[in-house]
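Each chain is listed here by its residues.
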Amino acid sequence: MKGAYLMNILVIGSGGREHALVSKLKESIQVKKIYCVPGNPGIAKIAECNAVDINDNNALLDFALTHNIDLTVVGPEVPLANGIVNVFSEKGLKIFGPTQSAARIEGSKAFAKDLMAKYNIPTAGFAVFTDAETAKQYIAQQGAPVVVKADGLAAGKGVVVAMTVAEALAAVDMMMCDNVFGSAGSQVVIEEFLVGEEASILAFTDGKTIMPMVAAQDHKRVYDNDQGPNTGGMGAYAPAPIITPAVSAQVMREILQPTVDAMVSEGCPYCGCLYLGLIMTTDGPKVIEFNARFGDPETQVVLPLLDSDLVTIMEACINGTLAETQIKWKDAAAVCIVMASGGYPGTYNTGDVISGIEDAEKQGAYVFHAGTVAAHGQFVTKGGRVLGVTATDMGIKQAVDKAYQAVGKIKFNGMHYRKDIAHRAIRKDLA
Ligand code: AMP
Ligand code: GLY
């Protein structure tokens, strides 16, 4: 650490992921003050939140300059795709995240798939289409199940796993003819359907060296036993036992290192957090998607397990010195239960008063806010996913019990949450 130099940090975003980022950054002895834009009422308890439009690069730059920000951390994908890292870097401001061209690894599925094909990175077979009729002919030839993906950013809704040809054709119509996702759907990727257990690996990278964090598993379906529609994520846990040391080494060798090397070869080195969504097929791990950011809710279980200074790691990524940086993880497990509003992921209620957050925190849980608003001294629901309740403990089973005990303290009208988070890991534990 450099003498008494303390830093002002800015975190961009407003969800559970950003709450978890702010909590971990707050532990750093290098931090003077943390700002978050726009933040949320949970973050406001530990950082200064300000209403800035995060899709306006000039407004963000202005904020960073007037508040003497030493390090900016970008949560969501849209500012990255808007080139916020380029804008800050040109002004000599330190910012953690990939440049606009590197963020294409998430912002264009066609870019990511072409990259993987060119550099032999294992992923589902695919074809890219800009014309609906040709896409439909291809689907008819391939048959079902088949996966249809909008090329661009679609707020996590651009993937249709079609079990029948009719569903796949309807997905093409929705994306390419009805333009439900705007220009994000003018190009589609049609992908081979893969079978296997999924895992998420977030990794720090400075563009050359890549260091994976503990592996996590998300729960995308709304109901227990993975039933019902897909959501933004109903809970997560880490470490994911499916990612054994041998699998982890294979993922480094076949996916993560080749991907950062490929980005250098393509002239767009990738710096920041690279999110790998993978599926364990009988042919080994294959990439489902890359994201250019921390995952949500995965970050809510991964960062509480980090035993090193996050500011030091982020600076090493920016300075290109990650190879010389030690990253330590706690020998523990973390479980996050997402508490959602009645109706979510469909239309949901808002404005319900939430009680019991402090009681849950007294149980030793982190209560990360995702969709809340403060009104008359109370927390009130505002989003589909309202809270992420995370507990850490020695093992998964203990962390699960602790997280559900904390969840039991929290109440709001219509709330629902999955009762089986981490079930796969617990079954493996007992096996
Ligand atoms: P994404 O929005 O890219 O995270 O995809 C949502 C979900 O769709 C993933 O978590 C997988 O469960 C599923 N999925 C995406 N691509 C495939 C594929 N090629 N085969 C099977 N399932 C897939
Ligand atoms: N948990 C999935 C994502 O962050 O995209």
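As a reminder, the structure under discussion sits directly above these lines.
What you see is a predicted model; the values in this text were computed from it and never measured. (Residues numbered from 1 in each chain as written. Chains lettered and ligands numbered in written order. Predicted model: local features only at pLDDT ≥ 70, side-chain atom pairs only at ≥ 80, totals over all residues. Heavy atoms only, no water.)

Draft legend 1. Focus on the sheet that holds strand E16 (residues 272–281). As summarised here, the arrangement of the four strands in space is E11-E10-E16-E17, forming an open sheet in which the pairing is antiparallel. What marks the edges here is a single partner per strand, and that holds for strand E11 (210–212) and strand E17 (284–291). Across the sheet, the mean angle from the axis of one strand to that of its neighbour is 35°, orientation sign disregarded. Here strand E10 (residues 197–205) pairs with E11 via three bridges, running antiparallel. Each bridged residue has a counterpart across the sheet, and for Thr-205 the counterpart in E11 is Ile-210. (Pairing = 2+ DSSP bridges. Helix = DSSP H or I, 4+ residues; strand = E, 2+ residues; numbered from the N terminus. Axes fitted to C-alpha atoms, helices over the stretch in contact; angles between N-to-C directions.)

Draft legend 2. The nonpolar core, seen in detail. In terms of nonpolar packing, the biggest core is built from 79 residues, with Ile-105, Leu-276 and Ile-410 touching the most fellow members. Residues contacting Ile-105, with those up to four places away along its chain left out, are Phe-111, Ala-112, Leu-115, Thr-259, Met-263, Tyr-270, Leu-274, Phe-290 and Ala-292. Formed by 42 residues, the second largest nonpolar core is a distinct cluster that contains Leu-71, Ala-238, Val-302 and Ile-327. (Core = buried A, V, L, I, M, F, W, Y, C linked by side-chain atoms within 4.5 Å. Buried < 20%, exposed > 50% of the residue type's maximum accessible area, 1.4 Å probe, protein only. Contact = heavy atoms within 4.5 Å.)

Draft legend 3. Quick look at the packing of helix H1 (residues 16–26) against helix H11 (residues 310–319). At a closest axis distance of 8 Å, the pairing of H1 and H11 adopts a crossing angle of 105°. In terms of their interaxial angle, H1 and H11 are classed as roughly perpendicular. On H11, the residues that touch Leu-21, Lys-24 and Leu-25 of H1 are Leu-310, Val-311 and Met-314. Its residues placed into classes, the contact of H1 with H11 shows five nonpolar, no polar and one charged. (Parallel < 35°, antiparallel > 145°, perpendicular 65-115°, else oblique. Nonpolar A, V, L, I, M, F, W, Y, C, P; charged D, E, K, R; others polar.)

Draft legend 4. Spotlight on the site of ligand 1. Looking at ligand 1, there are 13 residues lining it, with Glu-191, Glu-192, Leu-194, Glu-198 and Glu-289 nearest. Here Glu-192 contributes a backbone N or O atom positioned 2.9 Å from a nitrogen atom of ligand 1. Residue Glu-198 places a side-chain N or O atom 2.4 Å away from an oxygen atom belonging to ligand 1. Notes on ligand 1: free accessible area 480 Å², of which the protein chains cover 89%. Secondary structure elements with two or more residues in the shell around ligand 1: strand E7 (146–150), strand E8 (159–162), strand E9 (188–192) and E17. Tallied by class, the residues present in the shell around ligand 1 amount to seven nonpolar, no polar and six charged. (Near = heavy atom within 4 Å. Polar contact = N/O pair within 3.5 Å; in protein donor to acceptor, adjacent residues only side chain to side chain. Areas by Shrake-Rupley, 256 points an atom, 1.4 Å probe, with all protein chains shown as cover.)

Draft legend 5. Layout of the site of ligand 2. Every residue near ligand 2 is listed here: Asp-218, Tyr-275, Asn-291, Arg-293, Gly-295, Asp-296, Pro-297 and Glu-298. One nitrogen or oxygen atom from the side chain of Arg-293 is found 2.9 Å from an oxygen atom belonging to ligand 2. Between ligand 2 and Asp-296, the relevant distance is 2.8 Å, taken from a nitrogen atom to a main-chain nitrogen or oxygen of the residue. For ligand 2, the protein covers 89% of the area, taking 200 Å² as the surface of the free molecule. Grouping the amino acids of the shell around ligand 2 by side-chain chemistry returns two nonpolar, two polar and four charged.

Draft legend 6. Here's a closer look at the pairing of E9. Summarising burial for E9: four of the five residues are buried, a large majority. In this sheet, E9 lies alongside E7 in antiparallel orientation, the contact comprising five bridges. Its bridge partner being in E9, Val-148 is matched across the sheet by Ile-190.

Draft legend 7. Broad picture of the packing of aromatic side chains. Scanning the entire structure with this criterion turns up eight aromatic pairs. Considering the side-chain rings of Tyr-35 and Phe-63, the 5.7 Å spacing of their centres and the 80° angle between planes classify their relative orientation as edge-to-face. Taken as a pair, Tyr-35 in strand E2 (residues 31–38) and Phe-63 in helix H2 (residues 57–66) lie far apart in primary sequence, 28 residues in all. Accessibility expressed as a relative area gives 6% for Phe-63, which makes it buried. In textbook terms, an aromatic cluster arises when at least three aromatic residues are bridged by ring pairs, as seen for Phe-96, Phe-204 and Phe-294. Across from the ring centre of Tyr-417, 4.4 Å away, lies the NZ or CZ of Lys-419, which sits over that ring. (Phe/Tyr/Trp six-rings, centres within 6.5 Å; stacked < 30°, edge-to-face > 60°. Lys NZ or Arg CZ within 6 Å of the ring centre and 35° of its normal.)

Draft legend 8. Quick peek at the pattern of salt bridges. The full count for this structure, using the stated rule, is 17 salt bridges. A salt bridge links Arg-293 to Glu-106, with the shortest nitrogen-to-oxygen separation between them at 3.2 Å. Taken together, the residues Arg-293 in the loop between E17 and helix H10 (298–302) and Glu-106 in helix H5 (residues 104–107) connect sequence positions 187 residues apart. For Lys-118, the salt bridge is made with Glu-266, and the minimal N-O distance between the two is 2.8 Å. Of this pair, Lys-118 sits in helix H6 (residues 109–118) while Glu-266 sits in the loop between helix H9 (245–265) and E16, placing them 148 residues apart in sequence. Residues participating in the shared-partner salt-bridge network are Asp-226, Arg-418, Asp-420 and Arg-424. (Salt bridge = Lys/Arg side-chain N within 4 Å of Asp/Glu carboxyl O.)

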